[in-house]
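Read off the chains here:
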Amino acid sequence: CFDMEGKLREFGSKWRTDDCNDCSCSRDGIRCCTSYVTPVDYDEEKCESIFNKETCSYKVVEKDDHSKECPVHSWVG
């Protein structure tokens with residue numbers, strides 16, 4: 001398989017892309033999906049979600065004080 005960057009991947013190989021997708025190569029081709037979940041049910045007036053590309057995860061914090069985390073009631077991914 002050739003990945004999105006044109007790199008040759010072996011059948012059965014797995015890797016994580018720079019934009020946090022988990023991919024695998026098989027004889028059927030390449031399959032990729034996000035490696036993270038996205039917060040969808042939180043107080044958007046008071047809080048904001050921040051994506052950390054190093055950990056491939058979201059943190060939901062108060063807009064006025066990023067040291068305070070906000071409760072998240074639902075995630076999708």
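Keep in mind that this is a model prediction, so the values were computed, not measured.

Novice: I'd like a rundown of unusual backbone geometry, residues and numbers included.
Specialist: At Cys 20, a residue that is not glycine, the phi angle is positive and equals roughly 70°. Relative to the helices and strands, Cys 20 is located in the loop between strand E1 (14-16) and strand E2 (21-26). Judged by its relative accessible area of 1%, Cys 20 is buried. Backbone geometry at Cys 56 places phi at a positive 55°, although glycine is not the residue there. Checked against the element boundaries, Cys 56 lands in the loop between strand E5 (47-52) and strand E6 (57-62).

Novice: Kindly report on the pairing of E5, identifying the contributing residues and their values.
Specialist: Looking at chain direction, E5 and E6 are connected through six bridges and run antiparallel. Within E6, the position partnered with Glu 48 by the bridge is Val 61. In this structure, the hairpin formed by E5 and E6 is closed by a connection of four residues, where Cys 56 is found at a positive phi of approximately 55°.

Novice: Account for the state of the cysteines, with residues named and values stated.
Specialist: Enumeration according to the criterion identifies four disulfides in this entry. With a sulfur-sulfur separation of 2.1 Å, Cys 20 is cross-linked through a disulfide to Cys 56. Negative torsions about the S-S bond denote left-handed disulfides, and the value of about -80° found for Cys 20 with Cys 56 makes this one left-handed. Of the two residues, Cys 20 is situated in the loop between E1 and E2 and Cys 56 in the loop between E5 and E6; the sequence distance between them amounts to 36 residues. An identical accessibility class is assigned to Cys 20 and Cys 56; each is buried. The connectivity of the disulfide bonds within the protein can be written as 1-4, 2-7, 3-5, 6-8, using the sequence rank of each bonded cysteine. Cys 32 provides the cysteine sulfur closest to Cys 33, a residue in no disulfide bond, and the two sulfurs are 7.7 Å apart. Overall, Cys 33 belongs to the partly exposed group, its relative accessible area being 48%.

Novice: Hey, could you go over the environment of Asp 19 for me, with residue numbers and the actual values?
Specialist: Within the secondary structure, Asp 19 sits in the loop between E1 and E2. Of the residues examined, Asp 19 reaches a relative accessible area of 44% and is grouped as partly exposed. The sequence separation of Asp 19 and Thr 34 amounts to 15 residues, and the corresponding C-alpha distance is 8.6 Å. Other than its neighbours up to four places away in sequence, Asp 19 contacts Tyr 36 and Lys 53. Engagement of the side chain of Asp 19 in a polar contact is seen with the side chain of Thr 17, the distance being 2.4 Å.

Here is what the cut-offs are and how they apply
- Residues numbered from 1 in each chain as written.
- Predicted model: local features only at pLDDT ≥ 70, side-chain atom pairs only at ≥ 80, totals over all residues.
- Heavy atoms only, no water.
- Helix = DSSP H or I, 4+ residues; strand = E, 2+ residues; numbered from the N terminus.
- Buried < 20%, exposed > 50% of the residue type's maximum accessible area, 1.4 Å probe, protein only.
- Pairing = 2+ DSSP bridges.
- Disulfide = S-S within 2.5 Å.
- Contact = heavy atoms within 4.5 Å.
- Polar contact = N/O pair within 3.5 Å; in protein donor to acceptor, adjacent residues only side chain to side chain.

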